[in-house]
Amino acid sequence: MDPRLSRRPWLLRWTPPRLRQILYYRFYSASRHLPDGLFEACPLAFAPGVRMRLHPEDVAHRCIAMTGFYELRCTRIALGLARRGGLLVDVGANYGYFTLLWAAARPDNRVVAFEASPRNQDALRSNVHANGFEGRVECHDIAIGKENGLMTFDPGPEQQTGWGGLRPEGAAGIRVPVRSLDEVFARVERVAIDLLKVDTEGADTWVLQGAMRLLRDRRIGHILFEQYPARMAELGIEPGAAQTLLATNGYHCRQLGPDEWYAWL
């Protein structure tokens, strides 16, 4: 057994993933002190041999540190697709949890990862490098949206790596480059994206609107995305716009949790 795993409470080492997730949120998530060593090189439950550097105060990272995973339903879908092989486009890659899972599943898997937050970009590359995945993963320091240009990006609180996102014009933040997926892949002939994972804190609909050509051409097989109503309202995005867009292009949609959605052809 990896010695790092012994730093997790016994209940979170030997229980099945679903029960482990319940136990973590019931008994451990509010703890102010978790084992430090798990945040330096955390073993991932669904990618044997892969280690992930984490932020010790981030709520999602604390779950990964103690259980080896987070967003279990999304993880299982992504892992099932990764084992078939192909290309993951990871929009809002953060420190690289889904990127690492995908790259680890098969040596011929490929990832194109996008991360707009300057706070996360070095950590993403560090995690890719530490696991020897440079040949499988491309990292891009830009935001993905519905059109090309510059937009305001709020990195969010320093303790939370995943709470940043694009903001309306005039809001406080930094300026970041934005490109659409249609433009990013315009010169890649007949690219087939096996999974598009989007987690952009309210702007997921914009990402999909910027991939209209890819969606119409059925070049994206599966999509995991989130809907964050409060941030969507700030950006002027109507509830249900993403689901309508996807249905119009032949996709089926299923809600996985309060904010998580899965779409497939």
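Below is a summary of the structure that appears in this document. These figures come from a predicted structure and were not determined experimentally. Every chain is numbered independently, its residues counted from 1 as its sequence is written. Where local features are concerned, this predicted model is filtered to residues with pLDDT of at least 70; where side-chain atom pairs are given and counted, the filter is 80 or more; whole-chain, interface and lining totals use all residues. With hydrogens and water excluded, all non-hydrogen atoms of the structure serve as input to the side-chain values.

### Quick word on the pairing of strand β12 (residues 252-255)
And then number 1: In this structure, β12 lies alongside strand β13 (residues 260-264), joined through four bridges in antiparallel fashion. When the bridges of β13 are listed, Cys-253 appears paired with Ala-263.
And then number 2: A pair of strands is considered paired only if DSSP assigns at least 2 bridges between the two. Every helix listed is a DSSP run of H or I at least four residues long, and every strand listed is a run of E at least two residues long, numbered separately from the N terminus. Between β12 and β13, which follow one another and run antiparallel, lie four residues.

### Topic: the sheet that holds strand β8 (residues 165-167)
And then number 1: Overall, mixed pairing links the four strands, which are arranged β6-β9-β7-β8 in an open sheet. Every interior strand has two partners, whereas the edge strands, β6 (143-144) and β8, have only one.
And then number 2: Summarising the sheet, strand β7 (residues 149-154) and β8 pair through three bridges and their orientation is antiparallel. Bridge pairing links Thr-152 to Arg-167 in β8.

### A short note on the packing of aromatic side chains
And then number 1: Side-chain rings of Phe, Tyr and Trp (the six-membered ring for Trp) are treated as a pair once their centres are within 6.5 Å; stacked means planes under 30 degrees apart, edge-to-face means over 60, and tilted covers the remaining angles. For the coordinates displayed, the defined rule picks out seven aromatic pairs.
And then number 2: With 6.1 Å between their ring centres and 55 degrees between their planes, Tyr-70 and Phe-98 make a pair best called tilted. Here the residue Tyr-70 occupies a position in the loop between α4 (59-67) and α5 (72-84), and Phe-98 occupies one in helix α6 (residues 97-105), the gap between them amounting to 28 residues. For the pair Tyr-70 and Phe-98, one class covers both residues: buried.
And then number 3: One aromatic cluster is present, built from ring pairs that chain together Tyr-70, Tyr-97 and Phe-98. Think of it in three bands: residues with accessible area under 20% of the maximum for their type are buried, residues over 50% are exposed, and the middle band is partly exposed, with areas taken using a 1.4 Å probe on protein chains only.

### Some remarks on the nonpolar core
And then number 1: In terms of nonpolar packing, the biggest core is built from 48 residues, with Leu-44, Tyr-97 and Leu-224 touching the most fellow members.
And then number 2: Put simply, the parts of the chain that give this core at least two residues each are α2 (17-28), α3 (37-40), α4, α5, α6, β4 (110-114), α7 (118-130) and β5 (137-140).
And then number 3: Of all the elements, α5 adds the most residues to this core, at seven residues.
And then number 4: In this structure, Tyr-97 is in contact with Leu-44, Phe-46, Met-52, Ile-64, Gly-68, Phe-69, Tyr-70 and Thr-75, ignoring residues within four places of it in sequence.
And then number 5: One finds Val-207, Ala-211, Leu-245 and Trp-261 within the second-largest nonpolar core, a separate group that totals 28 residues. In plain words, nonpolar cores are sets of buried Ala, Val, Leu, Ile, Met, Phe, Trp, Tyr and Cys residues tied together by side-chain atoms within 4.5 Å. Contacts are assigned to residue pairs that have any heavy atoms within 4.5 Å of one another.

### Section: α5
And then number 1: Counted at 1.5 Å a residue, the expected span for α5 with its 13 residues is 18 Å, and the 19 Å between its end C-alpha atoms agrees.
And then number 2: Turning to α5, its buried residues number three or more, namely Leu-72, Cys-74, Thr-75, Ile-77, Ala-78, Leu-79, Leu-81 and Ala-82.
And then number 3: Against α2, α6, β10 (193-198), β11 (220-226), β12 and β13 lie the buried residues of α5. For a helix, the expected span equals 1.5 Å multiplied by the residue count minus one.

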